[in-house]
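Each chain, letter by letter, is given below.
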Amino acid sequence: MKKEHRLLLGAHLSIADGFDDSIQQAMSLGCTTLQIFTKSNRQWHAKALEATEVKAFLAAQKQSSIAPVVAHASYLINIGSADQALRSKSIDALLLELERCSALSIAYLVLHPGSHTKTDEMLCLAIVADSINQVLARYTGNTMLLLESMAGQGSTICYTLEQLASILKKLTNKKRVGICIDTCHVFAAGYDISNFEGYQAFWQAYDNILGIGTLKAIHLNDSKKPCGSRVDRHEHIGQGMLGKETFKLIMNDSRFFDVPKILETPLDDRGDFASNLKTLKGLLSKETKTALNCS
Ligand SMILES: [Zn+2]
Ligand SMILES: [Zn+2]
């Protein structure tokens, strides 16, 4: 039997007006998936979830066609830190975020794997893997943790596919962790996916090193900075150094039909999520539209 696909396209939306409001925003933008923070991303503190807000969010999700919902973890978390105090604070914070995701029926939690500050990359990768094993030993929910590919800015790790693989290899339960690829980050990290050859080579390498099945989400962002700059600056789709070609290739790549694709583009006078969603939808070929049952 032929598998049914649908366009899985969304954006990172605000929960400032309530969790359920993020679903309404996604619906009015014409999204089919969505990413949120389940708490402030720049604070350790999280106000406990209230039963009423959870209920309203689950009801809104159920009534909508938004699925899956993806969450992004706080930027403060660094489970790769060699500083024991920061590391254990990060482990607790990550566990709490996973539990909030369980309560909100969120499928995936995207995490910036870590940064090494005073140590080295190899040690940091090993600490991250060990921290994840500790977190998952304490977590009984179903939300999958996704390690995000990074630009390699500062002492950030996981800017290569090999680094991501080295963490996955050390995990006790590999089925509970997947990967989120960010187009801006991989480009800034040095993978030139702005042309067909580079794009094909990148995904071939991905499949060889990580296995294509580990890919659970894609962040769609153009890049303000050149390939290899290792600087993480998101740009509107088609207005950056990647250009429309990369996004045309992704949007029409049948390997990614069932992978949620999420915008984290800027909000400024040159564009917003509505304009970037329109650009992306404009890149769909006739064949893709037929395969995804969309017009
Ligand atoms: Zn991120
Ligand atoms: Zn970024």
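Every chain is numbered independently, its residues counted from 1 as its sequence is written. Lettering of chains starts at A and numbering of ligands starts at 1, both following the order in which they are written. Residues qualify for local features only when their pLDDT is at least 70, as the model is predicted, and side-chain atom pairs are given and counted only at 80 or more; totals for whole chains, interfaces and linings, by contrast, use all residues. As a convention, hydrogens and water are excluded, and side-chain values are obtained from all of the structure's heavy atoms.

(A) Focus on the coordination of the zinc ion (ligand 2). Each protein donor to the zinc ion (ligand 2) is listed here as H185 (NE2), D232 (OD), D232 (OD) and H234 (NE2); together their distances run 2.0 to 2.5 Å. Note on donors: an N, O or S atom is included if it sits within 2.8 Å of the metal, or within 3.2 Å for Na, K and Ca, and water is never included, so sites can look incomplete. Irregular is the default label, applied whenever a site is not tetrahedral (four donors, all angles between 85 and 135 degrees) and neither square planar nor octahedral (four or six donors, opposite donors over 155 degrees apart, all other angles between 65 and 115). Given four donor atoms and angles of 54 to 140° at the metal, the environment of the zinc ion (ligand 2) is assigned as irregular. Spacing between the donor residues of the zinc ion (ligand 2) along their common chain follows H-x46-D-x1-H. If you look at the zinc ion (ligand 2) and the zinc ion (ligand 1), they sit 5.4 Å from each other. Taken together, the residues H185 in helix α6 (residues 183-189) and D232 in the loop between β8 (222-223) and β9 (234-235) connect sequence positions 47 residues apart. Helix and strand definitions follow DSSP, with helices as H or I runs of at least four residues and strands as E runs of at least two, each counted in order from the N terminus.

(B) Summary view of the coordination of the zinc ion (ligand 1). For the zinc ion (ligand 1), the protein coordination sphere consists of H72 (NE2), H112 (NE2) and E148 (OE), at 2.1 to 2.2 Å. One chain supplies every donor to the zinc ion (ligand 1), and in sequence these donors are spaced H-x39-H-x35-E. Given a relative accessible area of 21%, H112 falls into the partly exposed group. We call a residue buried when its accessible area falls under 20% of the maximum for its residue type, exposed when it is over 50%, and partly exposed in between, using a 1.4 Å probe and counting protein chains only.

(C) Region of the structure containing the pairing of strand β6 (residues 177-182). In terms of burial, β6 is a largely internal element, six of the six residues being buried. Taking every second residue as pointing to the same face, both faces of β6 are buried, with V177, I179 and I181 on one and G178, C180 and D182 on the other. Pairing between strands requires that DSSP locate at least two bridges from one strand to the other. As paired strands, strand β5 (residues 144-148) and β6 are joined by four bridges and run parallel to one another. Bridge pairing in β6 links L146 to G178. Throughout, right-handed denotes a crossover for which the path from the first strand over the helix to the second runs clockwise when the strands point away from the viewer. Crossover β5 to β6 through helix α5 (residues 161-169) is right-handed. Here β6 pairs with strand β7 (residues 215-220) via four bridges, running parallel. Within β7, the residue paired with I181 across the bridge is I218.

(D) Examining the nonpolar core more closely. Residues grouped as a nonpolar core are buried Ala, Val, Leu, Ile, Met, Phe, Trp, Tyr and Cys residues, joined through side-chain atoms within 4.5 Å. Core analysis: the biggest nonpolar cluster contains 78 residues, and I132, L147, I167, I181, L220 and L280 have the highest contact counts within it. It is helix α4 (residues 121-138) that provides the largest number of residues to this core, a total of seven residues. Any two residues whose heavy atoms approach within 4.5 Å are treated as being in contact. Those residues in contact with I132, other than ones at most four positions away along the chain, are I79, L145, L147, I167, L171 and V177. By size, the runner-up hydrophobic cluster in this structure holds eight residues, among which are V70, Y108, C180 and A217.

(E) Structural detail: the packing of helix α3 (residues 84-103) against α4. In the contact formed by α3 and α4, the axes pass within 10 Å of each other and the chain directions differ by 45°. Relative to α4, α3 is oriented oblique. Pair α3 / α4 crosses with right-handed handedness. Residue-level inspection shows R87, I91, D92, L94, L95, L98 and E99 of α3 in contact with α4, the latter providing I127, D130, S131, Q134, V135, L136 and R138. The convention used is that axes are lines fitted to C-alpha atoms, helices contributing only their stretch in contact, and that angles between N-to-C directions extend from 0 to 180 degrees. Relative orientations are named as follows: roughly parallel for angles under 35 degrees, roughly antiparallel for angles over 145 degrees, roughly perpendicular for angles from 65 to 115 degrees, and oblique for any other angle. Throughout, a crossing is termed right-handed when the near helix is turned clockwise from the far one, and left-handed when it is turned anticlockwise from it by less than a right angle.

(F) Spatial organisation of the sheet that holds strand β10 (residues 261-263). The strand order around the closed barrel built from eight strands is β1-β2-β3-β4-β5-β6-β7-β10, with neighbouring strands paired in parallel fashion. Averaged over neighbouring strand pairs, the angle between their axes works out to 30° when direction is ignored. Docked against the sheet, helix α1 (residues 19-29) engages β2 (33-36) and β3 (69-72), running at close to 140° with respect to β2.

(G) Looking closely at α5. The element α5 is largely enclosed, with a buried count of seven among its nine residues. Taken residue by residue, α5 has L161, Q163, L164, A165, S166, I167 and L168 as its buried positions. Among the structural elements, α4, β5, β6 and α7 (196-209) are those in contact with the buried residues of α5.

(H) The arrangement of α1 in detail. Taken together, the buried positions of α1 are occupied by F19, S22, I23 and A26. End-on, the buried residues of α1 take up no more than an arc of 100°, which puts them together on one face. The directions from the helix axis to the C-beta atoms are what the arc is built from.

(I) Broad picture of the environment of V69. Summarising the element assignment, V69 is placed in strand β3. Under the relative-accessibility criterion, V69 is labelled buried at 2%. Residues V69 and L8, spaced 61 residues apart in sequence, show a C-alpha to C-alpha distance of 11 Å. When neighbours within four sequence positions are excluded, V69 is seen to be in contact with I23, L34, I36, F57, Q61, I106, A107 and Y108.

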